[in-house]
Amino acid sequence: MDLGNDSIPKLVRQIAIPASVGMFFNTMYNVVDTFWAGQLSPEALAALSLSLIPFIGLLAVGIGLGQGASALISNALGAEDDDQASRLMAQALSLAFVVSTVVVALGLVVTPFLYRGMGASGEYLELSLDYMNWLIYGSGAFIFAFVINSGLNAQGDTKSYRNALICGFFANVILDPLFLFGWGPFPALGLEGIAISTVLIELGVVTYLSVKLLSSKLGGNLSTRKFSLQVKLIVDLVKQGFPASLSILFISLNFYVILHFISDFGKTSVAAYGVSTRIVQVMLLPSIGLNTAALSLTGFNFGANNLERVNQTWRTCFNYSLLLTAFGGIFLFCFPEFLLKLFTDSEEIIEVGPTLLRVEAVLLTAYTTIFLGTSVLQGLKKPMFGMILSIYRLIVAPVIFFWLFSDLLGYGLNGIWAGIFLTTASGALITWFYLKRTLINVTSVQQ
């Protein structure tokens, strides 16, 4: 695979399809967790929904570090500086170790306060913390997986992570009910069993990805001396990854804001939002791989100073995303009740969920515009836009719109759904115009 010379549409397919398949199985992994939690009780489903907030927050630094490392490593590879690329990889791994330690400490302290702030108490709070604490202890495995995979993605390898996620899914199908209900020597662990299964599988993923990285050209250039602290490279990684980390952290805060407003309508509404969110994630899966392709190809060709291929990457990925979200949006809009019934038989949840799912169906293209645009800008070494957009789209605008439509105008849950629509649609428009202007500017500078 030649990221600098092969046909862009061909490269997009070669990178995006394995990544999308891998993310499909990763999301189906979460779907399996949701299904088995639904077999326990609505409270277990609500506890699973609450976990989205601290878990995404805990992983935010790791995900951002991975995205920043991928952009810088691909830039170095595009400039044919293999030594610099391997140094960046080594420093990213060293930084991942430090990040993992901090994340565990913060997670154990902050999570109880978050849950209480969202109205969890008594048995509901205890159930939620029992599940989340296992994920906090295992968060280092997730962070290392993101960072190691960034080195593979920078080389155009999305198949390794795909293979790991596929194996993880099938392992989860077996381990979830085994730990949940117990069998033979295995005790019934309830909701905690789902978390334990997740941590064990992620450790296996890290082991597999480590082997694949070490067997690649980038991994072959790693040496012990490259892991010693290099302040400049650490600063570069932090500058590139920190805005992306904050953007992902804002996703966690966005869940907090949404659930803060939704919790006023009871645990059924919280559970309905959690199930609906996972369904939307499935619908976005076919286009998620395009984000990886956009970042890898933009970073490599920007490093090689070939901006025509950067423009072609954006156009190709966006056109593919339009096609994919059109089919997903139609299906989601027409059959929301059917999709909800796959996860729960609660009549209350099935009654609340369809309105949100229909709103999300209309927004699928807006989501992909935001994700693709920020990926291209990350590859252009402009990560600050994603952070600034996230402050607006995930924090400021939702608080204003939710309060306006839900509380002040009295539309209740429908007011929250309206706020989600307005914030996402406006975010997509901002992304579109900013990216177009940026591409014009960097092309003018090259000329």
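No experiment lies behind these values; they were computed from the predicted model shown.

A. Representation of the layout of surface pockets in the model. One number sums up the size of the largest pocket: a volume of about 530 Å³. The wall of the largest pocket is formed by 26 residues, among which Gly57, Ala60, Val61, Leu106 and Leu249 lie closest to the centre. Where the lining of the largest pocket is concerned, the elements lending two or more residues are helix H2 (42-78), helix H3 (82-117) and helix H9 (231-262). When residues of the lining of the largest pocket are assigned to their parent elements, the largest contribution, 10 residues, is made by H3. When the residues that make up the lining of the largest pocket are grouped by side-chain class, the tally is 20 nonpolar, six polar and no charged.

B. Region of the structure containing the packing of aromatic side chains. This structure, assessed with the given rule, holds 11 aromatic pairs. Seen from their ring centres, Phe261 and Phe402 are 5.5 Å apart, and the 70° between their planes marks the pair as edge-to-face. Of the two residues, Phe261 is situated in helix H9 and Phe402 in helix H14 (residues 384-408); the sequence distance between them amounts to 141 residues. A residue is classified by how much of its surface remains accessible, and Phe261, at 11% relative accessible area, is buried. Lying over the aromatic face of Phe333, Arg358 brings its terminal NZ or CZ to 5.7 Å of the ring centre.

C. Structural context of the side chain of Asn311. Within the element layout of this structure, Asn311 appears in helix H11 (residues 307-334). Within polar-contact distance, the side chain of Asn311 engages the backbone oxygen of Leu307 at 2.9 Å.

D. Representation of a negative patch on the surface within the structure. A cluster of acidic residues, Asp345, Glu347, Glu348 and Glu351, forms a negative patch at the surface. With respect to the secondary-structure elements, Asp345 resides in the loop between helix H12 (336-341) and helix H13 (347-379).

Calculation criteria
Residues numbered from 1 in each chain as written. Predicted model: local features only at pLDDT ≥ 70, side-chain atom pairs only at ≥ 80, totals over all residues. Heavy atoms only, no water. 1 Å grid on protein atoms, 1.4 Å probe; cavity = no way out; pocket = protein on both sides within 12 Å on 5 of 7 lines; lining within 4 Å. Points joined across faces, edges and corners; volume = space filled by probe spheres on them. Helix = DSSP H or I, 4+ residues; strand = E, 2+ residues; numbered from the N terminus. Nonpolar A, V, L, I, M, F, W, Y, C, P; charged D, E, K, R; others polar. Phe/Tyr/Trp six-rings, centres within 6.5 Å; stacked < 30°, edge-to-face > 60°. Buried < 20%, exposed > 50% of the residue type's maximum accessible area, 1.4 Å probe, protein only. Lys NZ or Arg CZ within 6 Å of the ring centre and 35° of its normal. Polar contact = N/O pair within 3.5 Å; in protein donor to acceptor, adjacent residues only side chain to side chain. Patch = residues over 30% accessible without salt bridge, like charges linked within 9 Å, V, L, I, M, F, W, Y side chains within 5 Å. Areas by Shrake-Rupley, 256 points an atom, 1.4 Å probe, with all protein chains shown as cover. Salt bridge = Lys/Arg side-chain N within 4 Å of Asp/Glu carboxyl O. Lys, Arg positive; Asp, Glu negative; His and termini not counted. Charge placed at Lys NZ, Arg CZ, Asp CG, Glu CD.

Coordinates in, geometry out; function isn't part of it.
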